[in-house]
Amino acid sequence: MSDDQNQSGKVDIENSQQEMPLEGNLPKNSPAAPLTGFPQGQTSTHDSEQPSTVNNSDYKPDNHERLQEENENDLLFVRKYPYSIILLLNNLESTLNQEIKNWTDWLTGNDKVVKNLKHEVRKLTTELQQKQDRILALEKIEANYSSIQQQNTELELRCVRLIKEVAMLKTGGEDAPRTEVLHSAFKELKDQTFKELSNKVYKLRTQCNPDAKMERKQETATIRSKLAEAVLMGSVDTCKKGNIAEVETTKLIKSVNGKFIMYFSSCGCSDVKTRFPSESQEIEQTLKNIAERSLKLVNDIIHASPPGELLWYEPGVEFNSEEHEVLVGCVEEGKITFTVFPGYAIYEGTPKKRRIFEKAMVFTALDAKK
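Described in the following lines is the structure provided in the data block. Nothing here was measured: the structure is a model prediction, and the numbers come from that model.

Let's shift gears to a nonpolar patch on the surface. Taken together, the side chains of Ile-85, Leu-88, Leu-89 and Leu-92 make up a nonpolar region of the molecular surface, amounting to roughly 360 Å² of accessible area. You can see Leu-92 is positioned in helix α3 (residues 83-108).

Take a look at the structure:
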(Lines give C-alpha, C1' and ligand atoms only; values in the text may rest on other atoms or scores of the structure.)
Protein backbone atom coordinates (compact mmCIF):
# COMPACT_ATOMS: atom_id res chain seq x y z
CA MET A 1 0.00 0.00 0.00
CA SER A 2 1.40 3.46 -0.98
CA ASP A 3 1.61 6.51 1.21
CA ASP A 4 -0.97 8.29 -0.91
CA GLN A 5 -3.50 5.49 -0.39
CA ASN A 6 -2.95 5.43 3.36
CA GLN A 7 -3.37 9.14 3.51
CA SER A 8 -6.63 8.95 1.52
CA GLY A 9 -8.08 6.25 3.87
CA LYS A 10 -7.25 8.36 6.86
CA VAL A 11 -9.04 11.36 5.39
CA ASP A 12 -12.18 9.23 4.69
CA ILE A 13 -12.31 7.99 8.26
CA GLU A 14 -11.98 11.50 9.65
CA ASN A 15 -14.75 12.74 7.34
CA SER A 16 -17.12 9.91 8.48
CA GLN A 17 -16.38 10.76 12.08
CA GLN A 18 -17.25 14.40 11.45
CA GLU A 19 -20.55 13.49 9.67
CA MET A 20 -21.85 11.18 12.53
CA PRO A 21 -21.65 12.99 15.85
CA LEU A 22 -21.60 10.78 18.93
CA GLU A 23 -24.09 12.76 20.97
CA GLY A 24 -26.93 12.15 18.58
CA ASN A 25 -26.48 8.37 18.73
CA LEU A 26 -26.66 7.91 22.50
CA PRO A 27 -29.73 7.63 24.79
CA LYS A 28 -30.79 10.71 26.73
CA ASN A 29 -29.46 9.36 30.02
CA SER A 30 -26.12 8.29 28.54
CA PRO A 31 -23.01 10.41 29.19
CA ALA A 32 -22.07 12.99 26.65
CA ALA A 33 -18.63 11.49 26.10
CA PRO A 34 -18.24 9.83 22.72
CA LEU A 35 -18.29 6.08 22.56
CA THR A 36 -14.95 5.18 21.09
CA GLY A 37 -14.06 1.94 22.79
CA PHE A 38 -11.05 3.55 24.50
CA PRO A 39 -10.79 4.68 28.16
CA GLN A 40 -11.44 8.33 28.80
CA GLY A 41 -8.27 10.39 28.63
CA GLN A 42 -6.76 8.23 25.95
CA THR A 43 -6.91 8.81 22.30
CA SER A 44 -7.00 6.41 19.50
CA THR A 45 -3.79 5.64 17.82
CA HIS A 46 -5.63 6.45 14.66
CA ASP A 47 -5.63 10.17 15.63
CA SER A 48 -1.91 10.09 16.40
CA GLU A 49 0.65 10.38 13.78
CA GLN A 50 0.73 7.40 11.49
CA PRO A 51 4.09 5.74 11.14
CA SER A 52 5.55 5.75 7.75
CA THR A 53 5.10 2.63 5.80
CA VAL A 54 7.63 1.01 3.62
CA ASN A 55 6.66 0.29 0.09
CA ASN A 56 7.77 -3.29 0.18
CA SER A 57 5.81 -6.23 -1.13
CA ASP A 58 7.26 -8.46 1.59
CA TYR A 59 6.00 -6.24 4.40
CA LYS A 60 3.72 -7.96 7.01
CA PRO A 61 1.88 -5.95 9.69
CA ASP A 62 2.85 -6.76 13.26
CA ASN A 63 0.41 -7.56 16.10
CA HIS A 64 0.12 -3.94 17.16
CA GLU A 65 -1.00 -2.86 13.74
CA ARG A 66 -3.56 -5.69 13.46
CA LEU A 67 -5.02 -4.75 16.87
CA GLN A 68 -5.19 -1.14 15.82
CA GLU A 69 -7.10 -2.07 12.65
CA GLU A 70 -9.63 -4.24 14.57
CA ASN A 71 -10.27 -1.40 17.05
CA GLU A 72 -10.94 0.93 14.18
CA ASN A 73 -13.47 -1.53 12.69
CA ASP A 74 -15.29 -1.86 16.06
CA LEU A 75 -15.38 1.88 16.40
CA LEU A 76 -16.94 2.20 12.96
CA PHE A 77 -19.67 -0.39 13.92
CA VAL A 78 -20.51 1.48 17.12
CA ARG A 79 -20.71 4.79 15.29
CA LYS A 80 -22.82 3.27 12.50
CA TYR A 81 -25.56 1.78 14.86
CA PRO A 82 -26.89 3.86 17.79
CA TYR A 83 -26.78 2.44 21.29
CA SER A 84 -30.60 2.22 21.58
CA ILE A 85 -30.72 0.02 18.46
CA ILE A 86 -28.12 -2.26 19.95
CA LEU A 87 -30.20 -2.64 23.14
CA LEU A 88 -33.30 -3.34 21.07
CA LEU A 89 -31.47 -6.00 19.10
CA ASN A 90 -30.27 -7.57 22.35
CA ASN A 91 -33.85 -7.65 23.69
CA LEU A 92 -35.12 -9.17 20.48
CA GLU A 93 -32.41 -11.78 20.62
CA SER A 94 -33.32 -12.62 24.25
CA THR A 95 -37.03 -12.87 23.39
CA LEU A 96 -36.26 -15.03 20.39
CA ASN A 97 -34.16 -17.36 22.53
CA GLN A 98 -36.97 -17.64 25.08
CA GLU A 99 -39.51 -18.44 22.37
CA ILE A 100 -37.19 -21.04 20.93
CA LYS A 101 -36.87 -22.58 24.40
CA ASN A 102 -40.65 -22.59 24.88
CA TRP A 103 -41.28 -24.25 21.55
CA THR A 104 -38.49 -26.73 22.23
CA ASP A 105 -40.11 -27.62 25.58
CA TRP A 106 -43.47 -27.92 23.85
CA LEU A 107 -42.16 -30.25 21.18
CA THR A 108 -40.13 -32.37 23.59
CA GLY A 109 -42.95 -32.59 26.17
CA ASN A 110 -41.13 -30.73 28.92
CA ASP A 111 -43.67 -27.89 29.10
CA LYS A 112 -45.63 -27.86 32.43
CA VAL A 113 -48.92 -26.94 30.78
CA VAL A 114 -48.55 -29.78 28.31
CA LYS A 115 -47.69 -32.21 31.10
CA ASN A 116 -50.79 -31.15 33.11
CA LEU A 117 -53.03 -31.41 30.06
CA LYS A 118 -51.70 -34.87 29.21
CA HIS A 119 -52.28 -35.97 32.81
CA GLU A 120 -55.87 -34.68 32.72
CA VAL A 121 -56.46 -36.39 29.37
CA ARG A 122 -55.23 -39.71 30.76
CA LYS A 123 -57.37 -39.27 33.85
CA LEU A 124 -60.51 -38.41 31.86
CA THR A 125 -59.85 -41.29 29.46
CA THR A 126 -59.68 -43.71 32.39
CA GLU A 127 -62.92 -42.33 33.89
CA LEU A 128 -64.65 -42.51 30.51
CA GLN A 129 -63.64 -46.14 30.10
CA GLN A 130 -64.96 -46.94 33.58
CA LYS A 131 -68.28 -45.23 32.78
CA GLN A 132 -68.58 -47.13 29.52
CA ASP A 133 -67.89 -50.42 31.31
CA ARG A 134 -70.55 -49.53 33.88
CA ILE A 135 -73.05 -48.70 31.15
CA LEU A 136 -72.40 -52.03 29.44
CA ALA A 137 -72.89 -53.86 32.75
CA LEU A 138 -76.18 -52.02 33.40
CA GLU A 139 -77.39 -52.76 29.89
CA LYS A 140 -76.73 -56.46 30.49
CA ILE A 141 -78.61 -56.30 33.80
CA GLU A 142 -81.51 -54.51 32.12
CA ALA A 143 -81.61 -57.13 29.36
CA ASN A 144 -81.59 -59.92 31.93
CA TYR A 145 -84.32 -58.18 33.94
CA SER A 146 -86.50 -57.75 30.85
CA SER A 147 -86.03 -61.41 30.00
CA ILE A 148 -86.89 -62.51 33.55
CA GLN A 149 -89.92 -60.20 33.60
CA GLN A 150 -91.18 -61.66 30.35
CA GLN A 151 -90.68 -65.19 31.64
CA ASN A 152 -92.50 -64.27 34.85
CA THR A 153 -95.45 -62.88 32.87
CA GLU A 154 -95.62 -66.05 30.82
CA LEU A 155 -95.50 -68.20 33.96
CA GLU A 156 -98.29 -66.16 35.56
CA LEU A 157 -100.48 -66.64 32.50
CA ARG A 158 -99.77 -70.36 32.50
CA CYS A 159 -100.56 -70.52 36.21
CA VAL A 160 -103.89 -68.76 35.70
CA ARG A 161 -104.79 -71.15 32.87
CA LEU A 162 -103.83 -74.17 34.97
CA ILE A 163 -105.89 -72.97 37.94
CA LYS A 164 -108.84 -72.43 35.64
CA GLU A 165 -108.44 -75.90 34.13
CA VAL A 166 -108.16 -77.54 37.57
CA ALA A 167 -111.28 -75.71 38.75
CA MET A 168 -113.15 -76.84 35.66
CA LEU A 169 -112.08 -80.45 36.22
CA LYS A 170 -113.20 -80.39 39.85
CA THR A 171 -116.55 -78.75 39.20
CA GLY A 172 -117.14 -80.39 35.82
CA GLY A 173 -117.79 -77.44 33.55
CA GLU A 174 -117.29 -73.83 32.44
CA ASP A 175 -120.06 -72.55 34.72
CA ALA A 176 -118.00 -72.96 37.92
CA PRO A 177 -117.53 -69.63 39.68
CA ARG A 178 -114.01 -68.23 39.70
CA THR A 179 -112.47 -66.94 42.92
CA GLU A 180 -111.23 -63.70 41.35
CA VAL A 181 -114.68 -62.81 40.07
CA LEU A 182 -116.29 -63.64 43.41
CA HIS A 183 -113.74 -61.54 45.27
CA SER A 184 -114.38 -58.56 42.99
CA ALA A 185 -118.16 -58.80 43.56
CA PHE A 186 -117.59 -59.12 47.32
CA LYS A 187 -115.45 -55.96 47.42
CA GLU A 188 -118.09 -54.03 45.51
CA LEU A 189 -120.68 -54.92 48.17
CA LYS A 190 -118.26 -53.92 50.90
CA ASP A 191 -116.91 -50.64 49.51
CA GLN A 192 -119.99 -49.31 47.69
CA THR A 193 -123.37 -50.99 48.04
CA PHE A 194 -123.59 -51.50 51.82
CA LYS A 195 -121.83 -48.20 52.53
CA GLU A 196 -124.28 -46.21 50.40
CA LEU A 197 -127.26 -48.01 51.93
CA SER A 198 -126.08 -47.34 55.49
CA ASN A 199 -125.75 -43.61 54.68
CA LYS A 200 -129.34 -43.54 53.38
CA VAL A 201 -130.67 -45.24 56.52
CA TYR A 202 -128.71 -42.84 58.73
CA LYS A 203 -130.10 -39.83 56.86
CA LEU A 204 -133.65 -41.14 57.27
CA ARG A 205 -133.10 -41.65 60.99
CA THR A 206 -131.89 -38.05 61.46
CA GLN A 207 -135.06 -36.86 59.68
CA CYS A 208 -137.22 -39.07 61.85
CA ASN A 209 -135.58 -38.04 65.13
CA PRO A 210 -133.57 -34.83 64.59
CA ASP A 211 -133.08 -34.21 68.33
CA ALA A 212 -131.08 -37.41 68.83
CA LYS A 213 -127.37 -36.75 69.18
CA MET A 214 -125.27 -39.42 67.50
CA GLU A 215 -121.71 -39.97 66.46
CA ARG A 216 -122.04 -40.20 62.70
CA LYS A 217 -119.03 -42.47 62.12
CA GLN A 218 -120.04 -44.95 64.80
CA GLU A 219 -123.75 -44.90 63.91
CA THR A 220 -123.22 -45.49 60.17
CA ALA A 221 -120.81 -48.30 61.07
CA THR A 222 -123.47 -49.82 63.35
CA ILE A 223 -126.08 -49.66 60.56
CA ARG A 224 -123.71 -51.30 58.08
CA SER A 225 -122.88 -54.02 60.63
CA LYS A 226 -126.59 -54.85 61.19
CA LEU A 227 -127.26 -54.93 57.43
CA ALA A 228 -124.22 -57.17 56.73
CA GLU A 229 -125.14 -59.56 59.53
CA ALA A 230 -128.76 -59.82 58.37
CA VAL A 231 -128.03 -60.11 54.62
CA LEU A 232 -124.65 -61.84 54.28
CA MET A 233 -124.48 -64.00 57.38
CA GLY A 234 -128.19 -64.81 56.93
CA SER A 235 -127.36 -65.95 53.39
CA VAL A 236 -124.62 -68.22 54.78
CA ASP A 237 -127.11 -70.05 56.99
CA THR A 238 -129.51 -70.45 54.06
CA CYS A 239 -126.86 -71.73 51.63
CA LYS A 240 -125.45 -74.29 54.05
CA LYS A 241 -128.82 -76.03 54.19
CA GLY A 242 -128.75 -76.77 50.46
CA ASN A 243 -129.29 -75.21 47.04
CA ILE A 244 -131.11 -71.90 47.17
CA ALA A 245 -134.58 -71.53 45.71
CA GLU A 246 -137.23 -68.83 45.43
CA VAL A 247 -138.62 -69.75 48.82
CA GLU A 248 -135.28 -69.18 50.56
CA THR A 249 -134.86 -65.87 48.76
CA THR A 250 -138.28 -64.62 49.84
CA LYS A 251 -137.65 -65.71 53.43
CA LEU A 252 -134.33 -63.82 53.50
CA ILE A 253 -135.92 -60.64 52.12
CA LYS A 254 -138.65 -60.71 54.77
CA SER A 255 -136.06 -61.23 57.51
CA VAL A 256 -134.00 -58.27 56.31
CA ASN A 257 -137.08 -55.98 56.12
CA GLY A 258 -138.01 -57.01 59.65
CA LYS A 259 -134.54 -56.04 60.91
CA PHE A 260 -135.02 -52.66 59.20
CA ILE A 261 -138.29 -52.00 61.03
CA MET A 262 -136.80 -53.17 64.33
CA TYR A 263 -133.88 -50.78 63.98
CA PHE A 264 -136.13 -47.74 63.56
CA SER A 265 -138.40 -48.92 66.40
CA SER A 266 -135.39 -49.03 68.73
CA CYS A 267 -134.69 -45.43 67.74
CA GLY A 268 -138.20 -44.26 68.59
CA CYS A 269 -139.33 -44.14 64.93
CA SER A 270 -141.73 -47.05 64.65
CA ASP A 271 -143.96 -45.03 62.28
CA VAL A 272 -141.17 -44.38 59.78
CA LYS A 273 -143.13 -45.94 56.88
CA THR A 274 -146.08 -43.65 57.59
CA ARG A 275 -144.06 -40.48 58.02
CA PHE A 276 -141.59 -41.12 55.20
CA PRO A 277 -143.31 -43.48 52.76
CA SER A 278 -141.18 -42.70 49.64
CA GLU A 279 -137.85 -42.91 51.47
CA SER A 280 -138.90 -46.12 53.26
CA GLN A 281 -140.06 -47.72 50.00
CA GLU A 282 -136.80 -46.82 48.27
CA ILE A 283 -134.76 -48.37 51.10
CA GLU A 284 -136.89 -51.54 51.12
CA GLN A 285 -136.42 -51.96 47.35
CA THR A 286 -132.66 -51.53 47.78
CA LEU A 287 -132.68 -54.14 50.57
CA LYS A 288 -134.53 -56.58 48.31
CA ASN A 289 -131.95 -56.16 45.50
CA ILE A 290 -129.00 -56.49 47.88
CA ALA A 291 -130.48 -59.60 49.49
CA GLU A 292 -130.93 -61.32 46.13
CA ARG A 293 -127.42 -60.46 44.99
CA SER A 294 -125.86 -61.41 48.32
CA LEU A 295 -127.62 -64.76 48.49
CA LYS A 296 -126.35 -65.80 45.06
CA LEU A 297 -122.83 -64.50 45.81
CA VAL A 298 -122.56 -66.32 49.14
CA ASN A 299 -123.83 -69.54 47.54
CA ASP A 300 -121.14 -69.27 44.83
CA ILE A 301 -118.44 -68.56 47.43
CA ILE A 302 -119.34 -71.60 49.52
CA HIS A 303 -119.51 -73.98 46.53
CA ALA A 304 -116.56 -72.55 44.57
CA SER A 305 -113.34 -74.47 43.96
CA PRO A 306 -111.50 -73.88 46.18
CA PRO A 307 -114.39 -73.23 48.58
CA GLY A 308 -114.67 -69.91 50.39
CA GLU A 309 -115.91 -68.69 53.76
CA LEU A 310 -117.16 -65.42 55.26
CA LEU A 311 -115.42 -64.42 58.52
CA TRP A 312 -117.46 -62.78 61.28
CA TYR A 313 -115.98 -61.87 64.68
CA GLU A 314 -117.88 -61.39 67.94
CA PRO A 315 -117.32 -58.37 70.23
CA GLY A 316 -114.40 -58.70 72.63
CA VAL A 317 -112.04 -60.52 70.23
CA GLU A 318 -108.50 -59.13 70.30
CA PHE A 319 -107.57 -57.14 67.20
CA ASN A 320 -105.31 -59.04 64.78
CA SER A 321 -103.82 -57.16 61.84
CA GLU A 322 -103.52 -60.37 59.78
CA GLU A 323 -107.29 -60.95 59.82
CA HIS A 324 -108.77 -57.55 60.69
CA GLU A 325 -108.73 -54.03 59.35
CA VAL A 326 -110.18 -51.16 61.35
CA LEU A 327 -112.72 -48.66 60.13
CA VAL A 328 -111.13 -45.33 59.25
CA GLY A 329 -110.77 -43.32 62.45
CA CYS A 330 -110.34 -46.30 64.81
CA VAL A 331 -107.19 -47.47 66.55
CA GLU A 332 -105.46 -50.59 65.28
CA GLU A 333 -105.26 -52.27 68.67
CA GLY A 334 -107.37 -53.40 71.60
CA LYS A 335 -110.57 -55.42 71.47
CA ILE A 336 -113.16 -55.44 68.71
CA THR A 337 -116.35 -53.54 69.53
CA PHE A 338 -118.25 -55.11 66.63
CA THR A 339 -117.71 -56.39 63.08
CA VAL A 340 -118.65 -53.84 60.44
CA PHE A 341 -118.31 -56.15 57.42
CA PRO A 342 -117.24 -59.81 57.22
CA GLY A 343 -113.94 -61.02 55.79
CA TYR A 344 -113.50 -63.39 52.87
CA ALA A 345 -111.16 -66.42 52.91
CA ILE A 346 -110.65 -69.57 50.83
CA TYR A 347 -109.29 -73.00 51.74
CA GLU A 348 -106.80 -74.53 49.30
CA GLY A 349 -103.96 -77.04 49.19
CA THR A 350 -103.44 -80.40 50.83
CA PRO A 351 -103.86 -80.20 53.73
CA LYS A 352 -106.32 -77.33 53.47
CA LYS A 353 -104.89 -73.98 54.46
CA ARG A 354 -106.85 -70.79 54.88
CA ARG A 355 -105.94 -67.90 52.63
CA ILE A 356 -107.53 -64.55 53.42
CA PHE A 357 -108.67 -62.70 50.32
CA GLU A 358 -110.31 -59.81 52.19
CA LYS A 359 -109.82 -58.87 55.83
CA ALA A 360 -112.87 -58.31 58.04
CA MET A 361 -113.60 -54.66 58.76
CA VAL A 362 -114.00 -54.11 62.51
CA PHE A 363 -114.80 -51.22 64.81
CA THR A 364 -112.48 -50.54 67.76
CA ALA A 365 -112.11 -47.51 70.01
CA LEU A 366 -112.07 -44.23 68.10
CA ASP A 367 -108.67 -42.65 67.70
CA ALA A 368 -108.59 -39.41 69.73
CA LYS A 369 -105.91 -37.96 67.43
CA LYS A 370 -108.22 -38.04 64.40
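Here we come to the environment of Phe-338. Relative to the helices and strands, Phe-338 is located in strand β3 (residues 338-341). On a C-alpha basis, the gap between Phe-338 and Lys-226 in space is 10.0 Å, while along the polypeptide they are 112 residues apart. Not counting the four nearest positions on each side in its chain, Phe-338 is found in contact with Gln-218, Ala-221, Thr-222, Ser-225, Val-362 and Phe-363.

The tally for this structure, following the rule as stated, stands at seven aromatic pairs. Within the aromatic cluster, the residues linked to one another by ring pairs are Phe-186, Phe-194, Phe-341, Tyr-344 and Phe-357.

Glancing now at the pattern of salt bridges. Using the criterion set out here, one finds twelve salt bridges in the structure. Here Glu-284 makes a salt bridge to Lys-273, at a shortest N to O gap of 2.5 Å. Placement of Glu-284 in helix α9 (residues 277-302) and of Lys-273 in helix α8 (residues 272-275) is noted, with a sequence separation of eleven residues between them. With a closest N to O distance of 3.5 Å, Glu-348 and Arg-355 form a salt bridge. Under the relative-accessibility criterion, Glu-348 is labelled partly exposed at 30%. One salt-bridge network, held together by shared partners, links Lys-187, Lys-190, Asp-191, Glu-325 and Glu-358.

For the rest of this paragraph, the subject is the sheet that holds strand β6 (residues 360-363). Backbone hydrogen bonds are what pair the strands of a sheet, in a parallel or an antiparallel way. The sheet built from three strands is open, its strands ordered β2-β6-β3 with mixed pairing. Both edges of this open sheet fall to β2 (324-326) and β3, since each of them pairs with a single strand only. Neighbouring strand axes in the sheet, compared pairwise and without regard to direction, differ in orientation by 45 degrees on average. As judged from the three bridges shared by β2 and β6, these two strands associate in the parallel manner. Of the residues in β6, the one forming a bridge with His-324 is Ala-360.

When a strand is regular, its side chains alternate between the sheet's two faces. Bridge count for strand β4 (residues 343-348) against strand β5 (residues 353-358) is five bridges, and the pairing is antiparallel. Paired with Tyr-344 across the bridge in β5 is Glu-358. The antiparallel hairpin formed by β4 and β5 contains four residues in its connecting segment, where Gly-349 sits at a positive phi of about 90 degrees.

Let us now look at the side chain of Thr-339. With respect to the helices and strands, the residue Thr-339 is situated in strand β3. A distance of 2.5 Å separates the side chain of Thr-339 from the backbone oxygen of Tyr-313, its partner in a polar contact. Contacts of Thr-339, omitting those with residues within four sequence positions, involve Ser-225, Trp-312, Tyr-313, Met-361 and Val-362.

Moving on: the packing of helix α6 (residues 216-240) against helix α7 (residues 246-266). Any two packed helices are characterised by the angle at which their axes cross and by the distance between the axes. At a minimum axis separation of 10 Å, α6 and α7 run at an interaxial angle of 160 degrees. If you check the angle between α6 and α7, you find them roughly antiparallel. Of the two possible hands of crossing, α6 and α7 adopt the one that is right-handed. In this structure, α6 uses Glu-219, Ile-223, Lys-226, Ala-230, Val-231, Gly-234, Ser-235 and Thr-238 to contact α7, whose residues at the interface are Glu-248, Leu-252, Val-256, Lys-259 and Tyr-263.

Turning our eyes to something else, we now look at the state of the cysteines. Within this structure, the stated rule accounts for one disulfide. Put simply, Cys-208 and Cys-269 are joined by a disulfide, and their sulfur atoms are 2.3 Å apart. The chirality of the disulfide connecting Cys-208 with Cys-269 is left-handed, given an S-S dihedral of about -130 degrees. One end of the pair, Cys-208, is in helix α5 (residues 179-208); the other, Cys-269, is in the loop between α7 and α8, and 61 residues separate them in sequence. Overall, Cys-208 belongs to the buried group, its relative accessible area being 6%. Assessed through its relative accessible area of 1%, Cys-269 is described here as buried.

Conventions adopted
- Residues numbered from 1 in each chain as written.
- Predicted model: local features only at pLDDT ≥ 70, side-chain atom pairs only at ≥ 80, totals over all residues.
- Heavy atoms only, no water.
- Patch = residues over 30% accessible without salt bridge, like charges linked within 9 Å, V, L, I, M, F, W, Y side chains within 5 Å.
- Areas by Shrake-Rupley, 256 points an atom, 1.4 Å probe, with all protein chains shown as cover.
- Salt bridge = Lys/Arg side-chain N within 4 Å of Asp/Glu carboxyl O.
- Helix = DSSP H or I, 4+ residues; strand = E, 2+ residues; numbered from the N terminus.
- Contact = heavy atoms within 4.5 Å.
- Phe/Tyr/Trp six-rings, centres within 6.5 Å; stacked < 30°, edge-to-face > 60°.
- Buried < 20%, exposed > 50% of the residue type's maximum accessible area, 1.4 Å probe, protein only.
- Pairing = 2+ DSSP bridges.
- Axes fitted to C-alpha atoms, helices over the stretch in contact; angles between N-to-C directions.
- Polar contact = N/O pair within 3.5 Å; in protein donor to acceptor, adjacent residues only side chain to side chain.
- Parallel < 35°, antiparallel > 145°, perpendicular 65-115°, else oblique.
- Left-handed = near helix turned anticlockwise from the far one by under 90°.
- Disulfide = S-S within 2.5 Å.

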